[in-house]
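# Reading the structure
Below are the chains, spelled out letter by letter.
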Amino acid sequence: MIELKLKRVLKNRDEAGTVIDNDLMIIAGPCSVENYDVMDSTVAFLKSLGISYIRGGAFKPRTSPYSFQGLGDKGLEILREVKLKYDVKIVSEIMDVRDIEGICEVADIVQIGSRNMYNYPLLKEVGRLNKKVLLKRGLSATIEEWLSAAEYISLEGNDDIILCERGIRTFETYTRNTLDLNCVPVIKQKTKLKVIVDPSHGTGRRELIKPMSLAAIAAGADGLMIEIHPEPEKALSDGNQSVDFEGFKSIYREVLRLHRYLNME
Ligand code: PEP
Ligand code: MN
């Protein structure tokens, strides 16, 4: 049995065991901010379902330097416009400390992506912010390494941290990553942190998003992050793992039903 040697993010000995909150945090939106129209129609749709956390990357960490890299500041401007128009909360990734000011002006939650989970200067910097941080699990990070990254943020004073399981790299290649739902009860039992699950990056396959969303909720996740696009086949990034509006509606309906069932007295 491995003991976690951390001071801030773990539960104290006398704190209660697994706690499943009643409110579910659903974050949805396109992988990247592509243009105003995609963002506008997606947010209008999500808002009509009552979803108020919107994702969209302005700065994108792409494996290939030849792939679409995000709109940068122009993307932030689009996020600002939809935020004002629809009164939603924005979740967007930060990759570079130099972008902190610009991102913080529009984002309600700053996302640290998988590739930057080990970027300790960046973790320390967001640790000094008065802002929620969504910390995604590194591509090949153990649970302890991931929690240590959260500890870096917390040590700087920011305890407003949500973890996001987004799949880890294994020998399996059918799926883009292997969604490690084991981590959900571990985090709920051992730490004070919230944990949400991203079945889009966790599977890389649209048809697996619904079953793995339901599995995540059944495992006790505090929420989900799902990629959605009005025309996934035309998306500039991650179209294969993005659902369309109808697909999302069906996932959301079943997720709410399961969550309600699990929380019945
Ligand atoms: C994302 O959520 O936009 C993203 C790039 O995910 P990850 O960092 O998990 O690969
Ligand atoms: Mn993506």
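That block above? That's the structure.
Described in the following lines is the structure provided in the data block. (Residues numbered from 1 in each chain as written. Chains lettered and ligands numbered in written order. Predicted model: local features only at pLDDT ≥ 70, side-chain atom pairs only at ≥ 80, totals over all residues. Heavy atoms only, no water.)

### With respect to the coordination of the manganese ion (ligand 2)
- At this site the manganese ion (ligand 2) is bound by Cys31 (SG), His201 (NE2), Glu227 (OE) and Asp238 (OD), with donor distances of 2.0 to 2.4 Å.
- Counting along the primary sequence, the residues that act as donors to the manganese ion (ligand 2) give the motif C-x169-H-x25-E-x10-D. Here His201 is found in helix H7 (residues 199-203), whereas its partner Glu227 is found in strand E8 (residues 223-227), with 26 residues between them in sequence.
- By relative accessible area, His201 is classed as buried at 9%.
- Here Glu227 falls in the buried class, since its relative accessible area comes to 0%. (Donors = N, O, S within 2.8 Å, 3.2 Å for Na, K, Ca; no water. Helix = DSSP H or I, 4+ residues; strand = E, 2+ residues; numbered from the N terminus. Buried < 20%, exposed > 50% of the residue type's maximum accessible area, 1.4 Å probe, protein only.)

### A closer look at the nonpolar core
- Ranked by size, the top nonpolar core spans 68 residues in total, and within it Leu135, Leu163 and Phe248 carry the most contacts.
- Per-element accounting of this core gives the leading share, six residues, to helix H5 (residues 143-155).
- Residues within four places of Leu135 in sequence aside, it is in contact with Ile112, Met117, Leu123, Trp146, Ala149, Ala150, Ile153, Ile161, Ile162, Leu163 and Cys164.
- Grouped together as the second largest cluster of nonpolar side chains are 10 residues, Met25, Ile27, Tyr53 and Leu134 included. (Core = buried A, V, L, I, M, F, W, Y, C linked by side-chain atoms within 4.5 Å. Contact = heavy atoms within 4.5 Å.)

### As for the packing of helix H4 (residues 120-127) against H5
- As a packed pair, H4 and H5 sit with axes 7 Å apart at the nearest point and diverge in direction by 45 degrees. In terms of their interaxial angle, H4 and H5 are classed as oblique. You can see that H4 and H5 cross each other, and the crossing is right-handed. Across the interface between the two elements, Tyr120, Leu123, Lys124, Val126 and Gly127 of H4 pack against Ala149, Tyr152 and Ile153 of H5.
- Considered class by class, the residues forming the contact of H4 with H5 number six nonpolar, one polar and one charged. (Axes fitted to C-alpha atoms, helices over the stretch in contact; angles between N-to-C directions. Parallel < 35°, antiparallel > 145°, perpendicular 65-115°, else oblique. Left-handed = near helix turned anticlockwise from the far one by under 90°. Nonpolar A, V, L, I, M, F, W, Y, C, P; charged D, E, K, R; others polar.)

### Some thoughts on the site of ligand 1
- Every residue lining ligand 1 is accounted for by Arg55, Lys60, Pro61, Glu93, Gln111, Gly113, Ser114, Arg115, Lys136, Arg166 and His201.
- Contacts to ligand 1 include Ser114, whose backbone N or O atom sits 2.7 Å from an oxygen atom.
- If ligand 1 stood free it would expose 300 Å²; the protein chains cover 97% of that surface.
- The residue makeup of the shell around ligand 1, split by class, is one nonpolar, four polar and six charged. (Near = heavy atom within 4 Å. Polar contact = N/O pair within 3.5 Å; in protein donor to acceptor, adjacent residues only side chain to side chain. Areas by Shrake-Rupley, 256 points an atom, 1.4 Å probe, with all protein chains shown as cover.)

### Describing the pattern of salt bridges
- Counted according to the given criterion, the structure contains 19 salt bridges.
- When the shortest N-O distance is used, the salt bridge between Asp198 and Lys136 registers 2.7 Å. On the criterion of sequence distance, the pair formed by Asp198 in the loop between strand E7 (194-197) and H7 and Lys136 in strand E5 (residues 132-136) is long-range, its members being 62 residues apart.
- For Asp198, a relative accessible area of 0% corresponds to the buried category.
- Judged by relative accessible area, Lys136 falls into the buried class, the value being 4%.
- Via salt bridges that share partners, Glu77, Arg80 and Glu105 belong to a single interconnected network. (Salt bridge = Lys/Arg side-chain N within 4 Å of Asp/Glu carboxyl O.)

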